[in-house]
Amino acid sequence: MPRRGQPRTATRLDFGQSAAILRPLPSTRLLADAARFHGHLGPWLVLGLKAGRHARRKLRTTPFTLTARVFCPSRTPYTCFIDGIQFGCGCTVGKGNLNHARSPRCRVEFIRTAPARARLVLNLRPEVWNELHESKSGKGRAVAALGRAIHRRPVSSLFLIDSAPGR
Ligand SMILES: [Zn+2]
């Protein structure tokens, strides 16, 4: 409870409560929340969401001891991947712990900074890249359906995953 005269925002800025920010959510709720954040539901958003959630789970970290470096082409729909990562792991442009580098393909490198440094790299599998370019899903509902289908797949079927102690 804030004491008299203490600004109410003090409790909201307590980073110690960050574990509550990304509590487990039912997958449909998670997708709906991610789509609300991003503006629409699609496969590239979901790929980022899954990568970000996987990093949070595997590295057992909070958005304050994690950084993300995202590599992908600098245009939509690829950049939707970036928003999915932000929503999935809590690393954000605003906090300064997510940045983007232009690349012809999609991958993301996560670094846990504490308590022990650790690194996790997720490279989008070439067959998934090809599949998304071959699919004639068009816009709207079909794109959302493809996003939901991607969400149902295990993360290892979407990414080549490499983990190692941090460098
Ligand atoms: Zn998008």
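Quick caveat, the model's predicted, so the values are computed rather than measured. (Residues numbered from 1 in each chain as written. Predicted model: local features only at pLDDT ≥ 70, side-chain atom pairs only at ≥ 80, totals over all residues.)

### Things to note about unusual backbone geometry
In this model, T76 is joined to P77 through a cis peptide bond whose omega is 5°. Assignment of secondary structure puts P77 in the loop between β1 (66-72) and α4 (80-89). A cis amide bond links A114 with the next residue in sequence, P115, at an omega value of 0°. Among the structural elements, P115 can be located in the loop between β3 (107-112) and β4 (118-124). Its identity as a non-glycine residue notwithstanding, R60 has a phi of 45°, on the positive side. If you trace the backbone, R60 turns up in the loop between α3 (43-59) and β1. (Helix = DSSP H or I, 4+ residues; strand = E, 2+ residues; numbered from the N terminus.)

### Some points on the packing of α3 against helix α6 (residues 141-152)
Viewed as axis vectors pointing N to C, α3 and α6 meet at an angle of 25°, and their least axial separation amounts to 8 Å. By the angle between their axes, α3 is roughly parallel relative to α6. The chirality of how α3 crosses α6 is right-handed. From α3, P43, L45, V46, L47 and K50 reach across to α6, where they touch L146, G147, I150 and H151. Its residues placed into classes, the contact of α3 with α6 shows six nonpolar, two polar and one charged. (Axes fitted to C-alpha atoms, helices over the stretch in contact; angles between N-to-C directions. Parallel < 35°, antiparallel > 145°, perpendicular 65-115°, else oblique. Left-handed = near helix turned anticlockwise from the far one by under 90°. Contact = placed C-beta atoms within 7 Å. Nonpolar A, V, L, I, M, F, W, Y, C, P; charged D, E, K, R; others polar.)

### Notes on the confidence of the model for the chain
Considering every residue of the chain, the mean pLDDT works out to 87; 82% of them sit at 70 or more. With pLDDT under 50 throughout, residues 5-17 is counted as low confidence; its partners more than four residues away or in other chains account for four contacts. (pLDDT = per-residue confidence, 0-100.)

### Observations regarding the pairing of β3
By the bridge criterion, six bridges tie β1 to β3 in an arrangement that is antiparallel. Bridge assignment links R69 to a residue of β3, and that residue is E109. As judged from the six bridges shared by β3 and β4, these two strands associate in the antiparallel manner. Note on β4: the bridge partner recorded for F110 is L120. Here β3 folds back onto β4, and the loop between the two strands holds five residues. (Pairing = 2+ DSSP bridges.)

### With respect to the pairing of β1
One face of the sheet, then the other: side chains in a regular strand alternate in exactly this way. Residues L66, A68, V70 and C72 point to one face of β1 and are all buried, whereas T67, R69 and F71, pointing to the other face, are not buried. Here five bridges tie β1 to strand β2 (residues 98-102), and the two strands are oriented parallel to one another. Paired with C72 across the bridge in β2 is R102. (Buried ≥ 20, exposed ≤ 12 C-beta atoms within 10 Å, placed from the backbone.)

### Examining α4
Side chains that are three or four residues apart share a direction in an α-helix, a result of its 3.6 residues per turn. Summarising burial for α4: ten of the ten residues are buried, a large majority. Elements in contact with the buried residues of α4: α2 (27-38), α3, β1, β2 and β3. Directly beyond the C-terminal end of α4, a positive phi value near 90° is found at G90.

### Quick notes on the environment of R107
Relative to the helices and strands, R107 is located in strand β3. C-alpha separation for the pair R107 and R69, spaced 38 residues apart in sequence, amounts to 8.5 Å.

### Side note on the environment of N99
Among the structural elements, N99 can be located in strand β2. Residue class for N99 comes out exposed when judged on the 12 C-beta atoms lying within 10 Å of it.

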